[in-house]
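Fold and geometry: a report
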Amino acid sequence: MNSSPLTFPDGFLWGAATAAYQIEGAANEGGRGDSIWDVFCRVPGAVAYGHNGDVACDHYHRTAEDVRLMQDLNLAAYRFSISWARCMPDGMTPNPEGIAFYSRLVDQLLAAGITPWVTLYHWDLPQALEDKGGWAVRETAEHFAAFAAVMHEALGDRVRIWTTLNEPWVSAFLGYAAGIHAPGRRDPAAALAAVHHLLLGHGLAVSALRRLDPEATLGITLNLTVADPADPGREGDLDAARRVDGQSNRLFLDPLFRGEYPADVLADVAHLGMADVVRSGDLDIISEPLDVLGVNYYHGDAFTTDPERHPEPAGVAEASPLVAAAGVRQVPRGLPVTGMGWEIQPEGLRRLLNRLQREYTGPAGVPIYITENGAAFDDVPDAQGFVDDQARLAFFDAHLRAVHEALADGVDVRGYFAWSLLDNFEWAFGYHQRFGLVRVDYETQRRIPKASGRWYARVAASNALPTAKE
Ligand code: IFM
């Protein structure tokens, strides 16, 4: 760890993030309907160990305790998502009991002096809408905008920051092409239609919220990456990196900030009919001006098309069959990895932030928030349940130093949210990957802040990274 203390700009927002399906539990309470994740978890073999979110961290019944935890961690903001199926079980009809849960949570946060940051969609589409075609059909985008308006009516007097979508790349490609996330479809054409309808839903929701509340802060969160050629002197590797950058980054950033899809990506996927779902005027809706860009960063990767360098597609390449179909393979670089097998690459975050500022957010005058960053490791609790997670602490420290460097480079970064407040349901990996600042004993639901959580509390309170000795 570096030894110099680093102070962040005044007002830098320190927070932690979660998502509804990963923590709430109470899957069958308060009139909640099934989401695509409830149904996906029932498919044998879809999720490791047959885990599901039925109970998760039981947050639904423990919001008071969890808000106290946030206070103990000195969080200024809490980013959480809303379960659409809890608030509109069929995706269209409001359920007052479900909506009231979030209203109470917002009140508890405000009473604790914590800013609520709402994400409207973190991957859990009501199954009733999937049954009508899901994100592969246009109507889902319209239903999403209506959901946004309903939630704003309930919470807009107290919630001032709204994120439409979390990581639409994951929803579209892992859910509709790779089939390793809900709804488990393996249909690349549907995945590209989903990309467009997710972005359209975002744009329609921004328009609706803007109309209802011109003063609200509105944004979207993207999971962005740094795609490098394994061998910068090899043409195939340059093309591999271009393809991954195209599908992971530019396919989302270009329509949002420039009102157009990147021509090279459209050419790559021309045989899959994406152009057929894009109607005149859609890109104007998608490129409605934003107030913030949320960036989720976990790792970058190096890519090749040379089968000798790496025999199988892996990681990002495997997750995006469109890229894998082009023979793109990820090449491990010998960097240390997290429990997820993700390379630890903090310098990639600095590069990514500079690129965003230069090419997208800077020209548009849009500030950036890191809305997720964190790491899973094999935590080993002591007899008291305490986890001395120095590896996770070092991960946060290194990435926050990268953010600080980007700030010094002139990038307009306004805040940072650790992923995650609690250990939780890590999607296809079940409960065996732990990202929390706070350990959750799933048997007892006891919460115990880890060493990284205690450290993060000091960082948030001092608005600075401590020296190595502190
Ligand atoms: O747990 C997820 C989260 O739901 C979205 N971003 C990545 C995290 C770690 O995989």
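This write-up is about the structure you can find in this document. (Residues numbered from 1 in each chain as written. Predicted model: local features only at pLDDT ≥ 70, side-chain atom pairs only at ≥ 80, totals over all residues. Heavy atoms only, no water.)

What the protein chain contains, in helices and strands, is 18 helices and 15 strands. In terms of overall size, the protein chain behaves like a compact globule, its C-alpha atoms giving a radius of gyration of 21 Å where 470 residues would be expected to give roughly 23 Å. Taken over the C-alpha atoms alone, the protein chain extends approximately 55 × 55 × 45 Å along its principal axes. Each of the 470 residues in the protein chain was classed as buried or not, and the buried ones make up 62%. Within the protein chain, the 62 negative side-chain charges are centred at a point lying 2 Å from the centre of the 39 positive side-chain charges. (Helix = DSSP H or I, 4+ residues; strand = E, 2+ residues; numbered from the N terminus. Rg over C-alpha atoms; globule rule 2.2 N^0.38 Å. Buried < 20%, exposed > 50% of the residue type's maximum accessible area, 1.4 Å probe, protein only. Lys, Arg positive; Asp, Glu negative; His and termini not counted. Charge placed at Lys NZ, Arg CZ, Asp CG, Glu CD.)

Around the ligand, the structure places Gln 22, His 122, Trp 123, Asn 166, Glu 167, Tyr 298, Trp 342, Glu 372, Trp 419, Glu 426, Trp 427 and Phe 435. The side chain of Trp 419 places a nitrogen or oxygen atom 3.3 Å from an oxygen atom of the ligand. The side chain of Glu 426 places a nitrogen or oxygen atom 2.6 Å from an oxygen atom of the ligand. About the coverage of the ligand: the protein hides 95% of its 280 Å² of free accessible area. (Near = heavy atom within 4 Å. Polar contact = N/O pair within 3.5 Å; in protein donor to acceptor, adjacent residues only side chain to side chain. Areas by Shrake-Rupley, 256 points an atom, 1.4 Å probe, with all protein chains shown as cover.)

With mixed pairing, three strands are arranged side by side in an open sheet as S7-S9-S10. Looking at the sheet topology across the chains shown, the edges are occupied by strand S7 (227–229) and strand S10 (329–331). Averaged over all neighbouring strand pairs, the angle between strand axes comes to 50°, with direction disregarded. Examined bridge by bridge, strand S9 (residues 301–304) and S10 share three bridges and lie antiparallel to one another. For Ala 302, the partnering residue across the bridge sits in S10 and is Val 331. Against the sheet, helix H10 (residues 235–258) contacts S7 and S9, and its axis sits at roughly 170° relative to S7. (Pairing = 2+ DSSP bridges. Axes fitted to C-alpha atoms, helices over the stretch in contact; angles between N-to-C directions. Contact = heavy atoms within 4.5 Å.)

Time to look at helix H17 (residues 390–409). Residue pairs three or four apart in sequence face the same way in an α-helix, which turns once every 3.6 residues. With 20 residues, H17 should cover 28 Å at 1.5 Å per step; its first-to-last C-alpha distance of 28 Å lies within 8% of that length. Count one or two residues on from H17 and you reach Gly 410, which has phi positive near 105°. (Expected span 1.5 Å × (residues − 1).)

A separate point is the packing of aromatic side chains. Considering all chains together, one arrives at 36 aromatic pairs under this definition. Among the aromatic side chains, those forming a connected cluster through ring pairs are Tyr 21, Trp 37, Phe 40, Trp 123, Phe 425, Trp 427, Tyr 431 and Tyr 442. Over the aromatic face of Phe 101 sits the side chain of Arg 86, whose NZ or CZ is 5.8 Å from the ring centroid. (Phe/Tyr/Trp six-rings, centres within 6.5 Å; stacked < 30°, edge-to-face > 60°. Lys NZ or Arg CZ within 6 Å of the ring centre and 35° of its normal.)

Trans peptide bonds make up most of the peptide bonds, and negative phi angles are found at most residues other than glycine. In this structure, Pro 183 follows Ala 182 across a cis peptide bond, with omega equal to 5°. Residue position: Pro 183 is located in the loop between helix H8 (168–176) and helix H9 (188–212). In this model, Trp 419 is joined to Ser 420 through a cis peptide bond whose omega is 15°. Looking at the secondary structure, you find Ser 420 in the loop between strand S12 (413–419) and strand S13 (438–441). Its identity is not glycine, yet Tyr 49 carries a phi of approximately 60°, on the positive side. With respect to the secondary-structure elements, Tyr 49 resides in the loop between helix H2 (36–41) and helix H3 (63–72). Unusually for a residue other than glycine, Ala 56 sits at a positive phi of about 50°. Positionally, Ala 56 belongs in the loop between H2 and H3. On the basis of relative accessibility, which here comes to 6%, the residue Ala 56 falls in the buried class.

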